[in-house]
Amino acid sequence: MALILSIETGTEICSVALAKDGEMISLRESGSEGRAHANNLGVYIDEVLRENDLDADELDAVAIGGGPGSYTGLRIGVSTAKGLCYALGRPLIAIDSLKALANTAMEEFEAGIIDLDDPQRAVLAPMIDARRMEVYTRLFDTSLNPLSDTYAHILTPESFADIFAEGRTLLVFGNGARKCADLLPQAQFARIASSARGLVTLAEAAFQAEDFVDVAYYEPYYLKDFVVTRSKRNPLGLPNTK
């Protein structure tokens, strides 16, 4: 059993969870109104430790939501997690952020917070917002077995037509779900946001299996390359000499 600190920063929400033996004992989350991860993350880590009268060196591991998601958010979270692991000599656990979202959905289903028609045949569609009408997604069954690879999907009224044709329930959630609320009236929607709480049980299982990543070389899964946009007033990015 283990004391694990989990970090998720791949969306507009910055969150930190502290768990003991696979049970969450503390959680800190920012709101969804903006991104201040660089300011909030260290504060949240300190708060969950102090709340439980713990020091960082009592941690057994650190888990990170490894993407896909915001390039900047992922960099902040992974850099912090790697710094902690390096300083403490603890292992780093990387969890698929979409699987963590799906895990949260199933926890809420089991708690009776959300309903699912025919759960044995339901398909989970966690979605993380990308550009324009695009989302990052990966489909799962309700046992969290993947039904697809992680991919970037441009939403249209024909999206997931094969699932609907089979008469299966598609549960859509995550911060990308709002993009398809009008496009997919056949789908079922749930208010579930990316959170470190979704990493907790997955991180405990990974710890028990010693499924760790290399602290020095690990990089998050961005799915797409970071794109730098230029100002229209200064398209070459030249320094202002005035």
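The present account deals with the structure reproduced in this document. (Residues numbered from 1 in each chain as written. Predicted model: local features only at pLDDT ≥ 70, side-chain atom pairs only at ≥ 80, totals over all residues. Heavy atoms only, no water.)

### Description of the nonpolar core
Part 1 of the reasoning: In terms of nonpolar packing, the biggest core is built from 30 residues, with I4, I93, L124, L171, F173 and I192 touching the most fellow members.
Part 2 of the reasoning: Elements that contribute at least two residues to this core include exactly β4 (61-65), β5 (92-95), α3 (97-110), β6 (123-129), β9 (170-173) and α5 (200-208).
Part 3 of the reasoning: Here the element with the most residues in this core is α3; it accounts for six residues.
Part 4 of the reasoning: Once you skip the residues sitting within four places of it in the chain, I4 turns out to touch A17, L18, A19, A61, A63, I93, A203, E204 and F207.
Part 5 of the reasoning: Formed by 21 residues, the second largest nonpolar core is a distinct cluster that contains C14, Y44, I45 and V78. (Core = buried A, V, L, I, M, F, W, Y, C linked by side-chain atoms within 4.5 Å. Buried < 20%, exposed > 50% of the residue type's maximum accessible area, 1.4 Å probe, protein only. Helix = DSSP H or I, 4+ residues; strand = E, 2+ residues; numbered from the N terminus. Contact = heavy atoms within 4.5 Å.)

### Side note on the side chain of S26
Part 1 of the reasoning: When you line up the elements, S26 lands in strand β3 (residues 23-29).
Part 2 of the reasoning: At 2.4 Å, the side chain of S26 and the side chain of E51 are in polar contact.
Part 3 of the reasoning: Apart from residues lying up to four places away in sequence, S26 is in contact with V16, A17, L18, V48, E51 and N52. (Polar contact = N/O pair within 3.5 Å; in protein donor to acceptor, adjacent residues only side chain to side chain.)

### Side note on the layout of surface pockets
Part 1 of the reasoning: In this structure, the second largest pocket encloses a volume near 300 Å³.
Part 2 of the reasoning: In terms of lining residues, the second largest pocket is bounded by 14 residues, among which G174, N175, R178, R191 and I192 are the most central.
Part 3 of the reasoning: Here the lining of the second largest pocket is built from residues that sort into eight nonpolar, three polar and three charged. (1 Å grid on protein atoms, 1.4 Å probe; cavity = no way out; pocket = protein on both sides within 12 Å on 5 of 7 lines; lining within 4 Å. Points joined across faces, edges and corners; volume = space filled by probe spheres on them. Nonpolar A, V, L, I, M, F, W, Y, C, P; charged D, E, K, R; others polar.)

### Points about helix α2 (residues 71-88)
Part 1 of the reasoning: Across its 18 residues, α2 extends 26 Å between first and last C-alpha, which sits within 8% of the 26 Å expected from 1.5 Å per residue.
Part 2 of the reasoning: Every buried residue belonging to α2 is among G73, L74, G77, V78, A81, K82, L84 and C85, and all of these are buried. Relative to the axis of α2, the buried residues are bounded by an arc of 160° and lie together on one face. Of the residues in α2, the exposed ones pointing more than 90 degrees away from the buried face are Y86 and A87.
Part 3 of the reasoning: Where α2 is buried, its residues meet β1 (3-8), α1 (37-51), β4 and β5.
Part 4 of the reasoning: Positive backbone phi, at 70°, marks G89, one or two positions downstream of α2. (Expected span 1.5 Å × (residues − 1). Arc of directions from axis to C-beta.)

### Focus on the sheet that holds β5
Part 1 of the reasoning: With respect to topology, five strands assemble into an open sheet ordered β3-β2-β1-β4-β5, the strand pairing being mixed. This sheet does not close on itself; its edge strands, each paired only once, are β3 and β5. The sheet shows a mean angle of 20° between the axes of neighbouring strands, direction not considered.
Part 2 of the reasoning: Judged from the six bridges that link them, strand β2 (residues 15-20) and β3 form a sheet pairing that is antiparallel. Note that in β3 the partner of K20 across the bridge is E23.
Part 3 of the reasoning: With respect to the sheet, α1 is in contact with β1, β2 and β3, its orientation differing from that of β3 by roughly 145°.
Part 4 of the reasoning: Docked against the sheet, α5 engages β1, β2, β3, β4 and β5, running at close to 130° with respect to β5. (Pairing = 2+ DSSP bridges. Axes fitted to C-alpha atoms, helices over the stretch in contact; angles between N-to-C directions.)

### Comments concerning empty space enclosed by the protein
Part 1 of the reasoning: On inspection of all chains with the given rule, the structure shows one cavity of 30 Å³ or more.
Part 2 of the reasoning: What the largest cavity holds in volume is close to 30 Å³.
Part 3 of the reasoning: Considering the residues around the largest cavity, the lining is formed by A2, I4, S6, A19, D21, G22, V200, A203 and E204.
Part 4 of the reasoning: Counting residues per element, the ones that place at least two in the lining of the largest cavity are β1 and α5.

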